[in-house]
Amino acid sequence: MSIPNEGGISTDSPQPEKPEIIKAVPVRHPGRWVAGVVLLVLVAMAIHTLVFSQSQVPGQGGSRFGWSVVRQYLFSPLIVRGALITLELTVVSMIAGVLLGVLIAVMRLSKSRLISGVAWFYAWIFRGTPVLVQIYFWFFIAALYPHITLGIPFGPGFVTINLNSVLGAFWAASLALSLNEGAYMSEIVRAGIISVDEGQVEAAHSLGMRRGMALRRIVLPQAMRLIIPPTGNETISMLKTSSLASVIAVNELTHVANNISAQNYKTIQLLIVASIWYLAMTTVLSVGQYYLERHFARGATRALPPTPFQRLKRNLRYLRPHLHQGAPA
Amino acid sequence: MTTPMVKAEEVYKSFGALDVLQGINLEVAPGEVMCMIGPSGSGKSTFLRLINHLEKLDAGRLWVDGELVGYREKNNRLYELKDREVCAKRAEIAMVFQRFNLFPHLSVLENVTIGPTKVKHQPASEAKERAADLLARVGLGDKVKAYPNQLSGGQQQRVAIARALAMDPKLMLFDEPTSALDPELVGEVLDVMRNLAESGMTMVVVTHEMGFAREVGDTVVFMDGGRIVEAGNPREVLVNPQNERLRNFLSKVL
């Protein structure tokens, strides 16, 4: 079928040859070139001062930044143990913080005014005061409550705990960081939950699912897509916030680095050592976050984005025929 | 006389100052297909949602299969049912939504099996087998592993029907099942529904598909302003409407 050629529109007319591919002179971008050159000079200067410039202190050789000192301490047992404790603090506080956050978020969305009010109050207190203050608070709480007794409220007690022996610096810091994180996580989780379409809950209910199951099986898995990126952000932030635990002498990375430099006065070098460890750990966490996000993207995107490894493989596959083309026949 | 599958007596419902339903009386017999038509805002969807207690009714009584919806009556007093009891009743009534409401994070197969396995505690292998059968029955046997948003609207709605059927419902509610579909995809969903009706399923269908109502419906109910204006055999009601408002409505829809 063909429509007569009216108004310049033709259908099914015999296909003419495909017109020539456009070859045009591209627009020039002189600004980019200037900016590029300026940046290159700045980078060269930075590398020069970091690596090649010599120490200005009389009687002392070596590079200005003392890289040999950095190398010496980078894998020293004290530092490595400090990094491990930082990681422990982060993992413990994040796990507790996420669980607490889900609980507080669900309470916040409760229809009971009392329950949602308590949740609101919790977030108000723990988001509204500095983490540093909270760390001190939980460290010194044992002075207020040397013993804690578990039992019936206002009635007899069964177990008595000596807080001074249980709540050491590490656990006081973990408690403070967890409670603080719980408050922030509750807002993140709440945002994720309310982003899920109401029809999802209705569909779950009409299948006969009860509220808890609908939350666990239908709402939370979908909320995860929104919850994961800020949670990754929180984890990376927590890794660094945990350095505040140094004020109550938890032997985490920053505290250890400070202790060492207090003895040998190599302050900058040890700060660099600590920073390298922090950077390494945040890098590993970001990779983990990427894969977690990909996992929860199932069903949300038509095709999952490729992992870097898959992308590499595809690029190689693409390259190969081109390489062969380049070779003389 | 058999117990009606749905019975409504003077059902009222309002949202704030908005009176959505103002005295609905009707009966749906087992195996009957009732189509509800009417302008938007006339209360059709709200009535459907009252039947499986997604909304609470304000006044009147509503029974499904002889049992009161949402309440238990004892010594002339009404007691609200517990969440668990409401859910147990909902599990016997399936609902198909205008916007499908498939679970996007689950595969097509998992969408169909999640109800039977998690709510009715069927063994996974049995539920899977049944789901595969149902998906084949709605013509989607090859889409088992796909995710909902890889499917067209018509395919998604057919998955939603399979998901509903997997619960072995005694009553199916359809809330404008074809209104969100491209015109060319409406037919495939209506075909599945027609087969269901022929198999003897009791169905309450809110729809704007007059052809479907006329061919498949045993009764048609025309609602306007929260009231039933005209009801009866669709071949009579739709062909020879008595009420001025229905005549007006049909002239715009057909």
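Residues numbered from 1 in each chain as written. Chains lettered and ligands numbered in written order. Predicted model: local features only at pLDDT ≥ 70, side-chain atom pairs only at ≥ 80, totals over all residues. Heavy atoms only, no water.

### Let's talk about the overall build of chain B
Here is step 1 of the chain: Check the secondary structure of chain B and you find 9 helices and 12 strands.
Here is step 2 of the chain: Relative to a compact globule of 254 residues, whose C-alpha radius of gyration would be 18 Å, chain B shows 18 Å and is just as compact.
Here is step 3 of the chain: Based on the C-alpha atoms only, the size of chain B along its principal axes is roughly 50 × 50 × 40 Å.
Here is step 4 of the chain: The buried share of chain B, reckoned over its 254 residues, is 55%.
Here is step 5 of the chain: Summarising the internal contacts of chain B: among those between residues at least 6 apart in sequence, 64% fall at separations of at least 24.
Here is step 6 of the chain: On chain B, roughly 11300 Å² of surface is accessible, and the fraction owed to carbon and sulfur atoms is 45%. (Helix = DSSP H or I, 4+ residues; strand = E, 2+ residues; numbered from the N terminus. Rg over C-alpha atoms; globule rule 2.2 N^0.38 Å. Buried < 20%, exposed > 50% of the residue type's maximum accessible area, 1.4 Å probe, protein only. Contact = heavy atoms within 4.5 Å. Areas by Shrake-Rupley, 256 points an atom, 1.4 Å probe, with all protein chains shown as cover.)

### Re the packing of aromatic side chains
Residues and elements named next belong to chain A.
Here is step 1 of the chain: Enumeration according to the criterion identifies 11 aromatic pairs over all chains in this entry.
Here is step 2 of the chain: Taking 4.7 Å as the distance between ring centres and 35 degrees as the angle between the ring planes, the aromatic pair formed by Tyr122 and Phe126 counts as tilted. Of this pair, Tyr122 and Phe126 both sit in helix α4 (residues 113–128), separated by 4 residues, roughly a single helical turn.
Here is step 3 of the chain: On the numbers, 5.1 Å between centres and 90 degrees between planes, the contact of Phe170 with Trp171 is edge-to-face. (Phe/Tyr/Trp six-rings, centres within 6.5 Å; stacked < 30°, edge-to-face > 60°.)

### Quick word on a positive patch on the surface
Here is step 1 of the chain: Side chains of A:Arg311, A:Lys313, A:Arg314 and A:Arg317 sit close together on the surface and give a patch of like positive charge.
Here is step 2 of the chain: Residue position: A:Arg317 is located in helix α12 (residues 308–326). (Patch = residues over 30% accessible without salt bridge, like charges linked within 9 Å, V, L, I, M, F, W, Y side chains within 5 Å. Salt bridge = Lys/Arg side-chain N within 4 Å of Asp/Glu carboxyl O. Lys, Arg positive; Asp, Glu negative; His and termini not counted. Charge placed at Lys NZ, Arg CZ, Asp CG, Glu CD.)

### Considering the environment of B:Asp182
Here is step 1 of the chain: Of note, B:Asp182 is situated in the loop between β9 (171–175) and α6 (183–198).
Here is step 2 of the chain: Among the residues examined, B:Asp182 registers a relative accessible area of 46% and is labelled partly exposed.

### Topic: the pattern of salt bridges
Residues and elements named next belong to chain B.
Here is step 1 of the chain: For the coordinates displayed, the defined rule picks out 20 salt bridges over all chains.
Here is step 2 of the chain: Measuring nitrogen to oxygen at the nearest pair gives 3.0 Å for the salt bridge that ties Asp65 to Lys170. Placement of the pair is Asp65 in the loop between β4 (59–64) and β5 (67–68) and Lys170 in the loop between α5 (153–165) and β9, with a sequence separation of 105 residues.
Here is step 3 of the chain: We classify Asp65 as partly exposed; its relative accessible area is 32%.

### Considerations on unusual backbone geometry
Here is step 1 of the chain: Of note, A:Tyr265 is a non-glycine position whose phi angle comes to about 60 degrees, a positive value.
Here is step 2 of the chain: If you trace the backbone, A:Tyr265 turns up in the loop between α10 (253–264) and α11 (267–296).
Here is step 3 of the chain: For B:His53, which is not glycine, the phi torsion reads 65 degrees and is therefore positive.
Here is step 4 of the chain: Within the secondary structure, B:His53 is located in the loop between α1 (44–51) and β4.
Here is step 5 of the chain: The buried category is assigned to B:His53, whose relative accessible area is 12%.

### Comments concerning the interface of chain B and chain A
Here is step 1 of the chain: Opposite the 26 residues of chain B that make contact, chain A presents 23 residues.
Here is step 2 of the chain: Carbon and sulfur atoms make up 55% of the surface buried where chain B meets chain A, a total of about 2300 Å² over both sides.
Here is step 3 of the chain: Of all residues in chain B, B:Phe103, B:His105 and B:Asn149 bury the most surface against chain A, accounting for 25% of the area lost on that side.
Here is step 4 of the chain: Remark: the boundary between chain B and chain A carries 3 salt bridges.
Here is step 5 of the chain: In this structure, A:Asp197 engages B:Arg99 in a salt bridge whose closest nitrogen and oxygen atoms are separated by 4.0 Å.
Here is step 6 of the chain: Scanning the region where chain B abuts chain A turns up 5 residue pairs in polar contact (both at pLDDT 80 or more).
Here is step 7 of the chain: For the side of chain B that touches chain A, the secondary-structure elements that each account for two or more residues are α2 (83–90), β8 (93–96) and α3 (108–119) of chain B. (Buried area = accessible area lost by both parts, 1.4 Å probe. Polar contact = N/O pair within 3.5 Å; in protein donor to acceptor, adjacent residues only side chain to side chain.)

### Some remarks on α11(A)
Here is step 1 of the chain: Taking 1.5 Å per residue as the helical rise, α11(A) with its 30 residues ought to reach 44 Å, and the 43 Å between its terminal C-alpha atoms agrees with that figure.
Here is step 2 of the chain: A:Gln269, A:Leu270, A:Ile272, A:Val273, A:Ala274, A:Trp277, A:Tyr278, A:Met281, A:Thr282, A:Gln289 and A:Arg294 are the residues of α11(A) that are buried. (Expected span 1.5 Å × (residues − 1).)

### Structural notes on empty space enclosed by the protein
Here is step 1 of the chain: Summed over all chains, the structure comprises 1 cavity of 30 Å³ or more.
Here is step 2 of the chain: Lining the largest cavity are A:Ala203, A:Ser206, A:Leu207, B:Ala91, B:Ile93, B:Ala94, B:Met95, B:Ala160, B:Arg163, B:Ala164 and B:Met167.
Here is step 3 of the chain: Looking at the lining of the largest cavity residue by residue, the class counts come to 9 nonpolar, 1 polar and 1 charged. (1 Å grid on protein atoms, 1.4 Å probe; cavity = no way out; pocket = protein on both sides within 12 Å on 5 of 7 lines; lining within 4 Å. Points joined across faces, edges and corners; volume = space filled by probe spheres on them. Nonpolar A, V, L, I, M, F, W, Y, C, P; charged D, E, K, R; others polar.)

### What about the nonpolar core?
Here is step 1 of the chain: Judged by nonpolar contacts, the single largest core of 51 residues is most densely connected at B:Leu135, B:Ile161, B:Met172, B:Phe174, B:Met193 and B:Met203.
Here is step 2 of the chain: Core analysis: the next-biggest nonpolar cluster, separate from the first, contains 44 residues, B:Val6, B:Leu26, B:Phe47 and B:Leu106 among them. (Core = buried A, V, L, I, M, F, W, Y, C linked by side-chain atoms within 4.5 Å.)

### Observations concerning the confidence of the model for chain B
Here is step 1 of the chain: Averaged over every residue, the pLDDT of chain B is 93; the share at 70 or more is 100%.
Here is step 2 of the chain: For this predicted complex, the interface score ipTM comes out at 0.92, while the overall pTM is 0.79. (pLDDT = per-residue confidence, 0-100.)

### Side note on the sheet that holds β5(B)
Here is step 1 of the chain: With respect to topology, 4 strands assemble into an open sheet ordered β2-β1-β4-β5 (chain B), the strand pairing being antiparallel. Edge positions in the sheet fall to β2 (18–28) and β5 of chain B, since each of these pairs with one other strand and no more. (Pairing = 2+ DSSP bridges.)

### Considerations on α1(B)
Here is step 1 of the chain: Summarising burial for α1(B): 7 of the 8 residues are buried, a large majority.
Here is step 2 of the chain: Of the residues flanking the end of α1(B), it is B:His53, one or two places downstream, whose phi is positive at about 65 degrees.

### Some words on the pairing of strand β3 (residues 33–37) of chain B
All names here are of chain B.
Here is step 1 of the chain: Among the 5 residues of β3, 5 are classified as buried, and the element is accordingly described as predominantly covered.
Here is step 2 of the chain: Going residue by residue along β3, you find Val33, Cys35 and Ile37 tucked away on one face and Met34 and Met36 tucked away on the opposite face as well.
Here is step 3 of the chain: The pairing of β3 with strand β10 (residues 203–206) spans 4 bridges and is classified as parallel. Bridge pairing in β10 links Met36 to Val206.

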